[in-house]
Structures are given as structure tokens and as C-alpha cells.
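# Notes for the structure review
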Protein chains: 2
Amino acid sequence: MKELVVLRIGHRPRRDMRITTHVALVSRAFGATGFALEGGVGVLESLERLLGNWGGKDSFSLRSVESPKTFLKEWKASGGKVVHLTMYGVDVDSKLPQIKDLGDRIAVVVGAGKVEKWYYEIADLNVAVGNQPHSEVAALAIFLDRVNGGVRGGQFNDGRIRVLGSEKGKKVIMV
Amino acid sequence: MKELVVLRIGHRPRRDMRITTHVALVSRAFGATGFALEGGVGVLESLERLLGNWGGKDSFSLRSVESPKTFLKEWKASGGKVVHLTMYGVDVDSKLPQIKDLGDRIAVVVGAGKVEKWYYEIADLNVAVGNQPHSEVAALAIFLDRVNGGVRGGQFNDGRIRVLGSEKGKKVIMV
């Protein structure tokens, strides 16, 4: 995937701060190329610091988006495609062939709270990870796992901190 | 899996309310048989209501745990095994054979904030979903996906609400 940007819409700064942070961290760890957020500059600042420590400044972009609708219209006008993650959509595993057919520039819309009908309409695909209520964080992780082939091991070469997976306890290297 | 209980430890009622709720919802949607929480009775009450609406009262148990250490000691004494999800552990995909060898009664420990060394020691396996910082919600979803074979479609027969996945918009049935 040349460009796979996760667009978080409807972020409510106080209420959604931690969930939105998890959405952003999952985006990075599971190989998206960027994270775009409607509002919530505070979240982006703390993510910038994380990229400094853990890496990703050269491979993962962060941006604030004033109007997600304008963002998506321009994205589509320039040839990009849009996937909207929603529990009301069609299950990701049955949609994998169509997702792969979308090409190599995809924006993944992840809502907080109720999502306007407009997004269902502009999306090329409305994709669910099961049709039960659970979590946009989990849905994004499974989506990226299926589309991108799993979590990235530890290949953020510009990071200062690295974890070596171990049987017991913690092994952390400061580069 | 006969019994697969997710044990959420270290829950801080105000700070972790929504993340813990997502952990519980992922447990249910991805086929765990129960969710146990250290503290946080308010979260359990709202989950009880969700089970009434969406189903799972007969297949998914909720409980509050006063001492997670006592819970895990008794679990192990009765033959159960323990998996601790941690970004410092060994990647889940390489550990799948060992996880399957643990048998059919597994408690999955999901921490909030810093986790005491004691849990790393009592765990039969310390398992990571990548060694990058992301989200316990995502880690649990991927773990259950690998171990349980994906999200449950919609087989909570006692629920009153059902979603039919659709290409555009929302299709909801009230039973």
C-alpha cells in the first residue's frame, strides 16, 4: 500500500482523548502511512513526542484536518479511495478482494459516536469487523491486519526505544 | 476453547472507563466466554444492560474480582492456564502452537497502566502483539482472532437487536 491514511472523525477532545490516541497508535503499529484527525491538536502533540521516542517520523505522518468532508472530497478527486469502518457494513473478510481492488491509496474513516450518512455515501466500501458492538480500535487493528499483513515487528529505525520480546519481564534497548 | 476468560487488572474507574468497556466488548464479540474486572462495578452494570439488548447472557459471563492475584492463583490451582498480554512479550504468531498446547481453560490478563512483575511470573505465557506501543484493545482483538478464529458473526441468539451488514447505511432488526 503506497498510502493508507486513517482519518478519525467526530473526535470529542475530552471524551475521546484516550480512544483516539489508541486509534492513532494502532494506525502506526499496524502499518498505516498516516493518521489524520478532525480537531484534537493536543492528541497530535503527544503523538509527535511518541514518534520521537519510538520512531516513525520518516514513515508515518500526522495531520490535523479542519474539514474531514473537504479532505475526503479532495482525496477522491485525486484518485484515492475511501473505506469506512462501521459495524453496519459488510464483513471485512468477505470484502478483502474488493478492498485489494481499490488500489494503493486508501483513506480509512474511523468514526467516534454517530457518523453522518454522508460518510456512508462517499465511502467506496462500508466495512465491518463483525456486526456486534465492540471497538473502533479493535476494528481498525483487524482491518489493518487483514489488508497490511499484520502488525509491524519493530522496524521503526529512527526510534530511540526498542523492545525485545521476551518470555518473562521486560527487555528494552535505548538506542 | 471451553473457557476463555479475559481478566482486566488495574482498572482506574475514571481514567479507564471507556478503554475497559472496549476490552469487555471485544472479549464478547471475539468469542471469549467471560470477562472479569478488578473493581469497576459501574462498567459491569452497563455491560449487563448491553447483554440484555445484544445477547450473550447465556454464553458470556461478567464478574467483579476483588483480588486478581487470588483469582489467578485459584485458576491455576484448578488446572487453568494464564496468558498475559504485554508489549514486552513474545509475538503471538510465533507462540500460537504453545498457546494451543495450554489446553481449554485460559485466563487472558489485560493490564491498564504499569503491571506488577508478579503477573509476568505467574503467566504461563507472556504474549505480545508486536513490540510497539499501541492498545490493549487491539492486542486483545488480535489475540482472540488468532486463538478463536475471528470475530463472532452475529450468533448471540438471545439478543433483541441484530445488525445485518449492508453496503450502504444501516439495517437493524429488533427481535
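Just above, that's the structure.
Here's what I pulled together on the structure shown here. (Residues numbered from 1 in each chain as written. Chains lettered and ligands numbered in written order. Predicted model: local features only at pLDDT ≥ 70, side-chain atom pairs only at ≥ 80, totals over all residues.)

### Topic: the overall build of chain A
- When you go through chain A residue by residue, the secondary structure sums to six helices and eight strands.
- In chain A, the order of α-helices and β-strands from amino to carboxyl end is β-α-β-α-β-α-β-α-β-α-β-α-β-β.
- Computed over C-alpha atoms, the radius of gyration of chain A comes to 16 Å, within 12% of the 16 Å expected from 2.2 N^0.38 for 175 residues, which places it in the range of a compact globule.
- The C-alpha extent of chain A, read off along each of the three principal axes, is 45 × 35 × 30 Å.
- When the 175 residues of chain A are sorted by exposure, 46% land in the buried category. (Helix = DSSP H or I, 4+ residues; strand = E, 2+ residues; numbered from the N terminus. Rg over C-alpha atoms; globule rule 2.2 N^0.38 Å. Buried ≥ 20, exposed ≤ 12 C-beta atoms within 10 Å, placed from the backbone.)

### Some details on the packing of helix α1 (residues 17-29) of chain A against helix α6 (residues 136-148) of chain A
All names here are of chain A.
- Two numbers describe how α1 lies on α6: the axes approach to 9 Å, and their chain directions differ by 10°. The angle between α1 and α6 places the two elements in the roughly parallel class. Side by side, α1 and α6 meet where I19, H22, V23, V26 and S27 of the first sit next to E136, V137, L140 and A141 of the second. (Axes fitted to C-alpha atoms, helices over the stretch in contact; angles between N-to-C directions. Parallel < 35°, antiparallel > 145°, perpendicular 65-115°, else oblique. Contact = placed C-beta atoms within 7 Å.)

### Notes on the interface of chain A and chain B
- Counting residues at the interface gives 42 residues for chain A and 42 residues for chain B.
- Looking at the side of chain A that touches chain B, the elements with two or more residues in it are α1, α2 (41-54), β4 (81-91), α5 (117-122), β6 (125-128) and α6 of chain A.
- Class assignment of the residues belonging to the side of chain A that touches chain B gives a composition of 19 nonpolar, 13 polar and ten charged. (Nonpolar A, V, L, I, M, F, W, Y, C, P; charged D, E, K, R; others polar.)

### Focus: the relation of the copies chain A and chain B
- With an RMSD of 0.0 Å, the fit of chain A onto chain B corresponds to turning through 180° and sliding 0.0 Å along the axis. Both copies of the chain, as the preceding transformation shows, are related through a two-fold rotation axis. Looking at the rotation axis and the C-alpha trace of chain A, the residue lying nearest is A138 of chain A, at 2.3 Å.
- Residue by residue, 100% of the interface of chain A is reproduced at the interface of chain B, so both copies engage with the same surface. (Least-squares fit on C-alpha atoms with pLDDT ≥ 70 in both.)

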